[in-house]
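Residue-level structure breakdown
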Amino acid sequence: MASRSNHDLSRRHFLKNTSAIAAGLTFHPFKATAKEEKRLNFYNWDTYIGETTLDDFKSKTGIVTQMDLFADSDELFTKLREGNPGYDVIVPANDYVERMNVAGILMPIDHDKIPNLSNINKLFLDADFDPGRKVSLPYMWGTLGIGYNKGNVSTPINSWKVLYDSDEYSGRISLLSESADVIHMALKYIGHSLNTTNPAHFKQVEELVIAQKQHIKVFAPDNGQDLLASSEVDIAQEWNGDIAQLMTEDDAFTYVVPKEGGLIWQDCLCVPKGAPHPENAHAFINYVFDADVGAEIANSIQYATPNEAARGKLGDDYKLNPAIFPPDEVIAKCESTLYLGEEVQRIIEDTWTRIKAS
Amino acid sequence: MNNWKDSKSVFITTFLPGTVWLTAFFLVPLGFVWVMSFGEKYGIIDIVITWTPNNYLRAVESIYLGIIWKSVWISALVTALCLMVSFPIAFAVSFAKDKWKPILLLIIILPFWINLLIRTYALIAVFRTRGHVNFGLEWLWEKANAGLILIGLGKHQFLGEKFQPLAMLYNDFSVIAGLTYVYIPFIVLPIYAMLERLDRSYIEASLDLGASQIRTLFSIVIPLTLPGIIAGVILVFIPCLGSFVIPDLLGGTNSQMIGNVIERQFKSANDWPFGAALSFLLMYVMFGVLAMRSLLTVRKSEMKV
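Model, not experiment: these values are computed from the prediction.

The next subject is the packing of aromatic side chains. This structure, assessed with the given rule, holds 30 aromatic pairs over all chains. Through pairs of rings, three or more aromatic residues link up here, namely Tyr48, Tyr139, Trp239, Trp265 and Tyr303 of chain A. Across from the ring centre of Phe274 of chain B, 3.8 Å away, lies the NZ or CZ of Arg58 of chain B, which sits over that ring.

Moving on: empty space enclosed by the protein. Residue and element names in this part refer to chain A. Considering all chains together, one arrives at 1 cavity of 30 Å³ or more under this definition. Residue lining of the largest cavity: Ile120, Pro138, Tyr139, Met140, Val288, Phe289, Gly294, Ile297, Thr305, Pro306 and Asn307, and that is the complete set. If you list the elements that add at least two residues to the lining of the largest cavity, you get strand 4 (136–149) and helix 12 (291–301). A breakdown of the residues in the lining of the largest cavity according to their chemical character gives 8 nonpolar, 3 polar and no charged.

Next up on the list: the interface of chain A and chain B. The accessible area lost on association of the parts is a frequent measure of interface size. Opposite the 42 residues of chain A that make contact, chain B presents 35 residues. Roughly 3,600 Å² of surface becomes buried between chain A and chain B when both sides are summed, with 57% attributable to carbon and sulfur atoms. Run the count over chain A and chain B and you get 4 salt bridges. The shortest N-O distance in the salt bridge between Asp72 of chain A and Lys267 of chain B comes to 3.5 Å. Along the contact surface separating chain A from chain B lie 12 residue pairs in polar contact (both at pLDDT 80 or more). The element that contributes the greatest number of residues to the side of chain A that touches chain B is helix 16 (residues 342–357) of chain A, accounting for 10 residues. Along the lines of polarity and charge, the residues of the side of chain A that touches chain B split into 15 nonpolar, 10 polar and 17 charged.

This part takes up the nonpolar core. Formed by 146 residues in total, the largest nonpolar core has its most connected members in Tyr164 and Ile235 of chain A. Every residue in contact with Ile235 of chain A, bar those within four places of it in the chain, is listed here: Ile146, Gly147, Tyr148, Val153, Ile157, Val162, Leu163, Tyr169, Arg172, Ile173, Ser174 and Leu228 of chain A. Residues Val72, Leu241, Ile262 and Leu278 of chain B belong to the second largest nonpolar core, which totals 15 residues.

A separate point is helix 5 (residues 94–102) of chain A. All names here are of chain A. Taken residue by residue, helix 5 has Asn94, Tyr96, Val97, Glu98, Arg99 and Met100 as its buried positions. Turning to helix 5, the residues buried within the fold contact helix 4 (73–81), strand 3 (89–90), strand 4, strand 9 (263–270) and helix 16. Just beyond helix 5, the residue with positive phi is Gly104, at close to 75°.

On to helix 4 of chain A, then. All names here are of chain A. Among the residues of helix 4, Ser73, Asp74, Leu76, Phe77, Leu80 and Arg81 are the ones counted as buried. Across the axial projection of helix 4, the buried residues extend over an arc of 160°, all falling on one side. Once helix 4 finishes, Gly83 follows within two positions and takes phi at roughly 110°, a positive value.

Another point: the packing of helix 7 (residues 179–190) of chain A against helix 16 of chain A. Residue and element names in this part refer to chain A. Between helix 7 and helix 16, the shortest axis-to-axis distance is 9 Å and the interhelical angle comes to 90°. Between helix 7 and helix 16, the crossing angle belongs to the class labelled roughly perpendicular. On helix 16, the residues touching Ser179, Ala180, Val182, Ile183 and His184 of helix 7 are Ile348, Glu349, Thr351 and Trp352. Residue composition of the contact of helix 7 with helix 16, grouped by class: 5 nonpolar, 3 polar and 1 charged.

Thresholds applied
- Residues numbered from 1 in each chain as written.
- Chains lettered and ligands numbered in written order.
- Predicted model: local features only at pLDDT ≥ 70, side-chain atom pairs only at ≥ 80, totals over all residues.
- Heavy atoms only, no water.
- Phe/Tyr/Trp six-rings, centres within 6.5 Å; stacked < 30°, edge-to-face > 60°.
- Lys NZ or Arg CZ within 6 Å of the ring centre and 35° of its normal.
- 1 Å grid on protein atoms, 1.4 Å probe; cavity = no way out; pocket = protein on both sides within 12 Å on 5 of 7 lines; lining within 4 Å.
- Points joined across faces, edges and corners; volume = space filled by probe spheres on them.
- Helix = DSSP H or I, 4+ residues; strand = E, 2+ residues; numbered from the N terminus.
- Nonpolar A, V, L, I, M, F, W, Y, C, P; charged D, E, K, R; others polar.
- Contact = heavy atoms within 4.5 Å.
- Buried area = accessible area lost by both parts, 1.4 Å probe.
- Salt bridge = Lys/Arg side-chain N within 4 Å of Asp/Glu carboxyl O.
- Polar contact = N/O pair within 3.5 Å; in protein donor to acceptor, adjacent residues only side chain to side chain.
- Core = buried A, V, L, I, M, F, W, Y, C linked by side-chain atoms within 4.5 Å.
- Buried < 20%, exposed > 50% of the residue type's maximum accessible area, 1.4 Å probe, protein only.
- Arc of directions from axis to C-beta.
- Axes fitted to C-alpha atoms, helices over the stretch in contact; angles between N-to-C directions.
- Parallel < 35°, antiparallel > 145°, perpendicular 65-115°, else oblique.

In C-alpha cells, the structure reads:
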C-alpha cells in the first residue's frame, strides 16, 4: 500500500514543506554565509553551562545568546524531528548524535573554524558514533553509577546487586525513570553487553526488575540527588555529575561505578541543519573550547571536561576527583550506548511498559 | 423567534469565529492524529499512512487494556473523592452570607493562579518521609510520649520506641491525593452554580412537611443539582483519565497510567502512530462514559413519563 499517493500523505512531508516556508520567511537560512545578525539560539540541558559564560561571550563578541532548556534527550529529539525550529547549537548525548545523524538533521562542523580544538584531549577527536567527528564535538563526559549515603549502608557499595537483586535496602533505593538507563544497567548486572539486541536478554531484565520492584521506592526522574539529600532514599542510580555536585555540599555522600561496569556517555555540541546563525555557532563552540572558559564551565557544573587545557587550570578537588574522572580500570569496564535501530528501541520501551504495569 | 436567514450577518459574526477556531485548532489537528493512527513508521522520522489496523490491534493487547482499566479506576476514585469533598464546600459557599461569597470563591480558585508543576512539587515536600506531614506527626508523637513519661508510663513504650514516618509519597495514595487536590475546583464550581439557582423554598417546603435534613438533602437538593454534579464529574473524570504529570512525579514503581504510556510513545519510544492509536482508544472510552451519561438521562425522563 506504500504507493506514491500514500507517500504524499506523509505528515513529515507536509510539515517539512510548511516549515520550509516558515523558515524562509523568518530566518533566510541560505543567506547565512553573508553577514549574520549578532544572535545565537542555544538549546541546552539545565544547569549545564558556566554561570557567566553566556554574558562573557556577549561582551567578547557582541553575540547575544538565547538559551532554551530541555529536560531529556527525547524532548530535544522531538523538537527537532519535524525540522529545526531555529536552534544554532544543541547538546545531544552520544546515542542521540548517532540517531539524529542517521535521520539527517545535523550539519557538518567545519574544524578549521575552531582553532581551540587543539585544547581537546586527542582521545575525544574520534568516536565510534561519529567517525572523524564530522557532526559533533565533545562537550562533557561522564558515567552512570550509584550515589549513596555512606552512613546508612553496612558496607561500601560496589555492585549493581544492591539495586537490582537484593532486599537488603528494601524501600531505600531508587532507579532512574528513563527506560533505557534502567534496562541497560540491568543488562550490565546480568553480564550482558548493554548494546545487546537479543530479545532473550531483555526478557531476563524484565523478570529481574519485576521481582525487585517491591524493594524499589521510586523510578526517579533524574532527581536522585534530591532524594538522597532529603533522606528519601539511601542509594540512588544517578549520573556522576549530579552526585559530585551533592558531594561538594555534603561529605556524607559518595559515588561509585559498580564492579560490573556502568555506562559511559558523552554530551556533544552539534549544529542542526537549518540553523539560522551557523557562523555564530562555530564561534560559540570555539569560545567554549577556550581553556579559561572551559575551566569555568567545568568548575561550575562538576562534570568531566574533555578539554585538557581547561582541566589543567583547575584544582585537585576537581581534576583528581574519582567521582568525576573515574580510574582507567573502571572506564575499561564501562560501555557507551550505540544506536541499534528502531526495533531495539521498541523492545526496550515495551519491556519498560510491562515492568511498570506488573 | 426570527429565522436565522433573516439576519445572516448577525448569524455569521456570532458563529464564524468559534467555528473557524474549532475547525482550525481542534478538528483539523485531531484529524491529523486520527490519520496518523493508521500509519506506519519508516526509519526514524518518516511516517507513511498505509491504513494499517495494526496500531489498534496492538493497543487492545491485554497489557494496554490493563493499564487503561487501572487509569479508569483511579480516575473514578478521584472523582468520587472530589465529589464527597466538594459538595459540602459548594453547599457552604452557597449558603454563606453574600459579602463572604466572593472571598470564599476566590479561595477555591486561588490554586489555579499557581502552576500545576509547582503545586505538585509542593505536594512532594508535604508528603515525603522528611516532609511537613511527617514532621507534624513526629511532633505530636514526641509530645504524647513526653506526656506518657510524665504520668509514669514511659517504660511501657505504648507508642513504639521511635516515631515511624508514614510512607505517603511514591505510591498510589500520593497519585490519588495529588489528582484529587488538583481537580477539586473543577467540581465545586458547577455544583455551586446549580445550588445558587436552586429555589430555597423547595428546601423550606420539604422541611415544613416533616422531612428530615438528610431526607431533604437526598430527595430535594441532590436531584435538583444533579446536572451540576454530572457536569463536575465529567470535568474531573476526563482530564484525570489522561493525566501523566502527577503520576510521573508522585507515583511509585506501579503508578503508570495510560497518559504516561501515550507520552512515552511520542517521546522515548518515538512511535507516533501507536501513540495516536492509544489516544484514540482512550477517547473512545471517554465517548463511552459520555454515552452512558446521556443513556441515564434518557432513562430518567422515560421513567418520569
